[in-house]
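Residues per chain are reported as follows:
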Amino acid sequence: MSKATLTAVFIAFLLTSSGAKPNGKNKKPKQAVPAIECDMRAGKINLSEFIVKCPANCRETKEKVYGTGVFASISSICNAAIHSGVITNSGGKVIVTKMAGQMIYKGSFANGVRSLSLPNRRESFSVSVGKPKKGVTYPSTLVFVPSRPTTVKTGVHRPETGTIIRRQPHVSSSSAFSRVQPQSERKQHTAQSNPAFARRDWPHPAYTRPDWFSGTRRPTDSSQSVPNTGSKWSRMSTGDPAALDPRPDNTEYEYQLYNFGQYSPAPEHKPPSETSSPVPEVLSQGDSNCKVDIAFLMDGSWSIGKRRFEIQKDFLVGVSQVINVGVAGPMMGIIQYGDDPVTEFSLKHFSSSIDLTPAISKIVQKGGLSNVGKALSYINKHFFSDANGNRGGAPNVAVVLVDGWPTDEVEEASRLARESGINIFFVTIEGPDENEKQNVVETNFVDKAVCRTNGFFSFPIMSWFALRKAVQPLVKRVCDTDRLVCSKTCLNANDIAFVIDGSSSVGTGNFRTVLQFVANVTQEFEISDTDTRVGIVQYTYEQRLEFAFGQYNNKADLLNAIKRINYWSGGTSTGAAITFAADQLFSKSKPNKRKIMIVITDGRSYDDVRAPALAVHRKGVIAYSIGIAWAAQDELEYIATDPDRDHSFFVDEFDNLYKYVPKIIHNICNEFNSQPRN
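Below or above, wherever it landed, is the structure these notes cover. In this text the structure is predicted, and so the values were computed from the model without any measurement. (Residues numbered from 1 in each chain as written. Predicted model: local features only at pLDDT ≥ 70, side-chain atom pairs only at ≥ 80, totals over all residues. Heavy atoms only, no water.)

1. What about helix 17 (residues 661-674)?
Here comes step 1: Taking 1.5 Å as the rise per residue, helix 17 with 14 residues should run 20 Å; its terminal C-alpha atoms sit 20 Å apart, in good agreement.
Here comes step 2: Within helix 17 the residues assigned to the buried category are V661, I664, I665, N667, I668, C669, E671 and F672.
Here comes step 3: Each element contacted by the buried residues of helix 17 is listed here: helix 11 (508-523), strand 21 (594-601), strand 22 (622-628), helix 16 (644-647) and strand 23 (648-651). (Helix = DSSP H or I, 4+ residues; strand = E, 2+ residues; numbered from the N terminus. Expected span 1.5 Å × (residues − 1). Buried < 20%, exposed > 50% of the residue type's maximum accessible area, 1.4 Å probe, protein only. Contact = heavy atoms within 4.5 Å.)

Following this line, the structure appears as structure tokens:
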């Protein structure tokens, strides 16, 4: 071996034994990143700043996120990171930095994740890309917040025994008695303006809570009362949602369902899943005498307060248990509205009252204003669809719960909903007092919204304590399908235009027979501004609008108006009459109405009928043609919608017109019932 070779071997030995790297530098140790699950919340980890690795597909779990940019500590870390764009749904590393709580967390939608609004929390956090800064080493293991001591809870329902053991709520001597304030106290009094207010929390110090709640009476903290500003919504000017409800918060408060002979488990103090459980394996049949599809619009606005929101949830649990939900009976979904409506669960999610109870208890208040009009538009456009479980043959019912009054207009939205066949009920709790009526956006909003102003569709409730009394009456009414007058049927879903031949060949006597035929057909429909509407055009060479859609909004006035139509006399231009009816009547037809045209003629037209008929067909008008005596069969077929045998009729003399009244009604309804409806 040469001297040079020995030297090289010796140098290599020295380098190996000393542990030195060829470049003379030690390699930096790799940062250990602990992995977490999708549902891990930042508040569960007891570190001010740390790095974690999120798995893939967290967005599909839809774990709750509260806030935008800065998130409440009860938010899912991984979904907050996806919402912020720090990671994708494929997962990745995230740096979490804790910070002080915010007065309010504003919800938004970003990167496929919907974050929700939330009032004041003690702790917040932000997220950033999981690339550690130079020289910074994060903990390689996570330190978790210790669990609270488990207390014995006796309010457990034992289905196998049918017994209910009452819960004992956590009581703190320093916490205030959470109760529902009477409206006059809630909206007008303060301890400063009325020193007696702090003492007269209830008429007698020995007052005990009704069976709606379980628990020990607690003194009221009058210092948190809200000054009277004359406006329900001026309380939001502080920016502190907690200030909207004068009753202090008790995060360990537990409640018990009132007397329905049922129970309600105490809610866990964590946000529920975004989507509810799927339909269970064993489907409940439900009450077949109450086959309705019901949407409850619950008030989630800040003005309602936490306690009343829980009472509202209890009310919905009670309704679900009394109504007996099932696939052959009523199906029930819930929308919560504030600034914007959100579907908590649709009609198809739950098929029994037992499954509904825990789902309702997990609903988290979203906050915002009381935009009822926006919520009604939402259910009309999105909720009652086949995809959401709407059954078509079951009447659609919307029950709107409102604390006080809406903060937007409801008239137009409710009109469109009614015309779509939705039966609207209003349950209003503690409406505006005399001093507050000036702040109502739309006066008489209930009468403008409900299906009929006869009292059947409205429930004014004087106080939140009285809400439970409305459960049985409400269930009875929504199940009374014979009185659900807004249900969309073949008899109340139309704009019908009669185009009547008034030419000289008809004659006065026969013209009166035609008018009687029109009245007999009209008599079969439900007539009102939100039901079927009727308009009439009489034609000769010229055309005359006898009356337009909606000009007569009850059946008696409409029938009298038909009788008063005067015979015109002249030539026969049926094509021009069809075009005139399209311009004067169907151009003003409502979007949710079926457009039906019934043309009655006794002879051949002097003008072309094919082009005008084809034009109205293309606009969705269902055309019926009725020919008498000398009417041309080919023209009747051009006018009629296909198939001709269902839409075109001929009689040899005027006195036989009455025979076709039931046939026309049958065909209109048969065609309506054969079409898919939302």
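2. Thoughts on the pairing of strand 21
Here comes step 1: Summarising burial for strand 21: seven of the eight residues are buried, a large majority.
Here comes step 2: Sheet topology note: the strand 18 (residues 494-501)/strand 21 ladder contains seven bridges and is parallel. Bridge pairing links D495 to K595 in strand 21.
Here comes step 3: Where strand 21 lies against strand 22, six bridges are found, and the strand directions are parallel. Residue pairing in the sheet places T601 in a bridge with G627 of strand 22.
Here comes step 4: Handedness of the crossover joining strand 21 and strand 22 through helix 14 (residues 610-618) is recorded here as right-handed. (Pairing = 2+ DSSP bridges. Right-handed = clockwise from strand over helix to strand, strands pointing away.)

3. Looking at the sheet that holds strand 22
Here comes step 1: Spatial strand order, 20-19-18-21-22-23: six strands in an open sheet with mixed pairing. Edge positions in the open sheet fall to strand 20 (543-547) and strand 23, since each of these has one partner strand only. Put simply, the sheet's adjacent strands are angled 20° from each other on average, direction ignored.
Here comes step 2: Against the sheet, helix 13 (residues 574-584) touches strand 18, strand 19 (533-539), strand 20 and strand 21, its axis set at about 45° to strand 20. (Axes fitted to C-alpha atoms, helices over the stretch in contact; angles between N-to-C directions.)

4. Considering the packing of aromatic side chains
Here comes step 1: The tally for this structure, following the rule as stated, stands at 12 aromatic pairs.
Here comes step 2: Residues F383 and F384 carry aromatic rings whose centres are separated by 5.3 Å and whose planes lie at 90° to one another, so their mutual orientation is edge-to-face. Neither residue differs from the other here; F383 and F384 are each classed as buried.
Here comes step 3: Seen from their ring centres, F425 and F456 are 6.0 Å apart, and the 55° between their planes marks the pair as tilted. One end of the pair, F425, is in strand 16 (residues 422-429); the other, F456, is in the loop between helix 9 (445-449) and strand 17 (458-461), with 31 residues separating them in the sequence.
Here comes step 4: By relative accessible area, F456 is classed as buried at 7%.
Here comes step 5: Through a chain of ring-to-ring contacts, three or more aromatic side chains come together here, namely F425, F456 and F457.
Here comes step 6: Positioned above the aromatic ring of W568, the side-chain terminus of R544 is 4.7 Å from the ring centre. (Phe/Tyr/Trp six-rings, centres within 6.5 Å; stacked < 30°, edge-to-face > 60°. Lys NZ or Arg CZ within 6 Å of the ring centre and 35° of its normal.)

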